[in-house]
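Breakdown of the fold
Listed below, chain by chain, are the residues.
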Amino acid sequence: MELNENSLLVRITDLLYAPSPSIGTALGTAPSHHMVMENLLYGKSDCSTDDQKKWETYDLKPNTYFYPERDVMGGKLAPESVKERLIDEFPDKIRVTIEEKEELVSQLTRDTKILQDANAVDYSLFVVRYPASLSSVEGGKVPVPPGRPSSWRNGTVSRDEKWIYRAILLDFFWAKDSLQAQAMSITTTTDEYRQRFLKMVDDIVEVVDSAGRPAGEVRNTAGEASDDS
């Protein structure tokens, strides 16, 4: 994070923990610690109540990824309420310029390589979008998150100037060989998950060619394809 200021790995600012044991922690019903992370919804509370309802959030993972709750025995072992919370579906396309997509794909390729080397799986792309026409209650622009500036953290405007998008990487804390991951029956490899993740990003971020038609696969600046096809 110090060497790559444009990293989209979520920034962890603090770690709070209970210094003494509790009944909830002993029973496993309450966490023993809390990670404090940056808020990608920064600026939402500066909008009016009606405008706050126009903010949208999506926690995106590859929908081809193996989820035991969904895929074991056809999902019969888990209630629908659990399966509905497994993954979000982005109902649209993130429409930006080819340069903005290349920036996103290139950075996510570097970040997910770090996660692959750390044997991490199950991470997700957290996307926030809100109408570009929104303003703060004072009448100014929606404030951007503090800290080192990054176009995809602060907000990238869609090609039609209708939306502003923000994006970061979340939930990269499970190593595949950890007890928790094994208990969850995570069977995919870190390389496979990374390839599926980058393919998902390539699919939902749409650019156009010189004729104004949706373009195909984008390659990052390192020459590695975001699509393994």
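Every residue gets a number counted from 1 within its own chain, in the order that chain's sequence is written. Per-residue local features of the predicted model are confined to residues with pLDDT of at least 70, and side-chain atom pairs are confined, for both listing and counting, to 80 or more; whole-chain, interface and lining totals are unaffected and use all residues. Calculated side-chain values reflect all of the structure's heavy atoms, with hydrogen atoms and water omitted.

Per an unreviewed UniProt entry, the recorded name for the protein is SAICAR synthase-like protein, and the organism is Polyplosphaeria fusca.

Comments concerning the overall build of the protein
Cut-off, in case you're wondering: Under the scheme used here, helices are H or I runs from DSSP no shorter than 4 residues and strands are E runs no shorter than 2 residues, and both carry numbers assigned from the N terminus. Each residue is placed in one exposure class: buried if its accessible area under a 1.4 Å probe, protein chains only, is under 20% of its type's maximum, exposed if it is over 50%, and partly exposed if it falls in between. Contacts were defined at the residue level, with two residues in contact if any of their heavy atoms lie within 4.5 Å.
Each helix and strand in the protein was counted, giving eight helices and ten strands. Residues classed as buried in the protein amount to 39% of the 229 residues present. Long-range pairs, those at least 24 residues apart, make up 74% of the contacts in the protein between residues at least 6 apart in sequence.

Remarks on the side chain of E206
Rules: Here a polar contact means two N or O atoms within 3.5 Å. Within protein one must be a hydrogen donor candidate and the other an acceptor candidate, and residues neighboring in sequence count only if both atoms are side-chain atoms.
Position of E206 relative to the elements: it lies in strand β10 (residues 205-206). Side-chain polar atoms of E206 contact the side chain of R95, separated by 3.2 Å. Leave out the neighbours within four places in its chain, and E206 touches K93, I94, R95, V96, R159 and P214.

Some thoughts on unusual backbone geometry
Glycine aside, negative phi is the norm for most residues, and most peptide bonds take the trans geometry. Here the phi dihedral of D122 falls at roughly 75°; this positive angle occurs in a residue that is not glycine. The topology assignment puts D122 in the loop between β5 (120-121) and β6 (124-131). Residue D122 is classed as buried on the basis of its relative accessible area of 9%. Of note, the phi angle at D171 is positive, near 55°, even though the residue is not glycine.

Quick notes on the packing of aromatic side chains
Under the convention used in this document: For this analysis, a ring pair means two rings from Phe, Tyr or Trp (six-membered ring only for Trp) whose centres lie within 6.5 Å, classed as stacked if their planes differ by under 30 degrees, edge-to-face if by over 60, and tilted for the remaining angles.
Using the criterion set out here, one finds four aromatic pairs in the structure. Measuring from ring centre to ring centre gives 4.2 Å for W55 and Y130, while their planes differ by 20°; the resulting arrangement is stacked. On the criterion of sequence distance, the pair formed by W55 in the loop between α2 (49-52) and β3 (56-60) and Y130 in strand β6 is long-range, its members being 75 residues apart. By relative accessible area, Y130 is classed as buried at 3%.

Some remarks on the packing of helix α5 (residues 98-117) against helix α8 (residues 190-204)
Stated precisely, the cut-off is as follows: Under this scheme, a helix contributes an axis fitted over its contacting stretch, all axes are lines through C-alpha atoms, and angles between N-to-C directions fall in the 0 to 180 degree range. The labels follow the angle: roughly parallel below 35 degrees, roughly antiparallel above 145, roughly perpendicular from 65 to 115, and oblique for the rest. The hand of a helix crossing depends on one turn: near helix anticlockwise from the far one by less than a right angle means left-handed, and clockwise means right-handed. Think of it as three bins: nonpolar holds Ala, Val, Leu, Ile, Met, Phe, Trp, Tyr, Cys and Pro, charged holds Asp, Glu, Lys and Arg, and polar takes everything else, Gly as well.
At their nearest, the axes of α5 and α8 sit 10 Å apart, and the two run at 165° to each other. Here α8 runs roughly antiparallel to α5, going by the angle between their axes. Along this stretch, α5 crosses α8, giving a crossing that reads as right-handed. Here K101, L104, V105, L108, T109, T112, K113 and Q116 of α5 lie close against α8, whose contacting residues are T190, D191, R194, F197, L198, V201 and D202. Partitioned by chemical class, the residues of the contact of α5 with α8 number six nonpolar, four polar and five charged.

Description of the pattern of salt bridges
Quick note on the threshold: Definition used for salt bridges: Asp or Glu carboxyl oxygen within 4 Å of a side-chain nitrogen of Lys or Arg.
Evaluation of the coordinates by the stated rule reveals twelve salt bridges. For D202, the salt bridge is made with K101, and the minimal N-O distance between the two is 3.2 Å. Residue D202 is found in helix α8, and its partner K101 is found in helix α5; the two are separated by 101 residues along the sequence. Taking relative accessible area as the criterion, D202 reaches 8% and is therefore assigned buried. Linking E206 and R159 is a salt bridge whose minimum nitrogen-to-oxygen distance equals 3.6 Å. Taken together, the residues E206 in strand β10 and R159 in the loop between β7 (156-157) and β8 (163-170) connect sequence positions 47 residues apart. Sharing partners across several salt bridges, the network here consists of E56, D92, R95, R129, R159 and E206.

Things to note about the confidence of the model for the protein
What counts here: The score called pLDDT rates the predictor's confidence residue by residue, from a low of 0 to a high of 100.
Residues at a pLDDT of 70 or more form 76% of the protein, whose mean pLDDT is 82. Contacts of residues 225-229 to residues separated by more than four positions or lying in other chains number 14 contacts, the stretch itself having pLDDT below 50.

Description of the environment of H34
Here H34 shows up in strand β2 (residues 33-37). C-alpha separation for the pair H34 and L15, spaced 19 residues apart in sequence, amounts to 5.8 Å. Apart from the residues lying within four places of it in its own chain, the contact partners of H34 are D14, L15 and L16.

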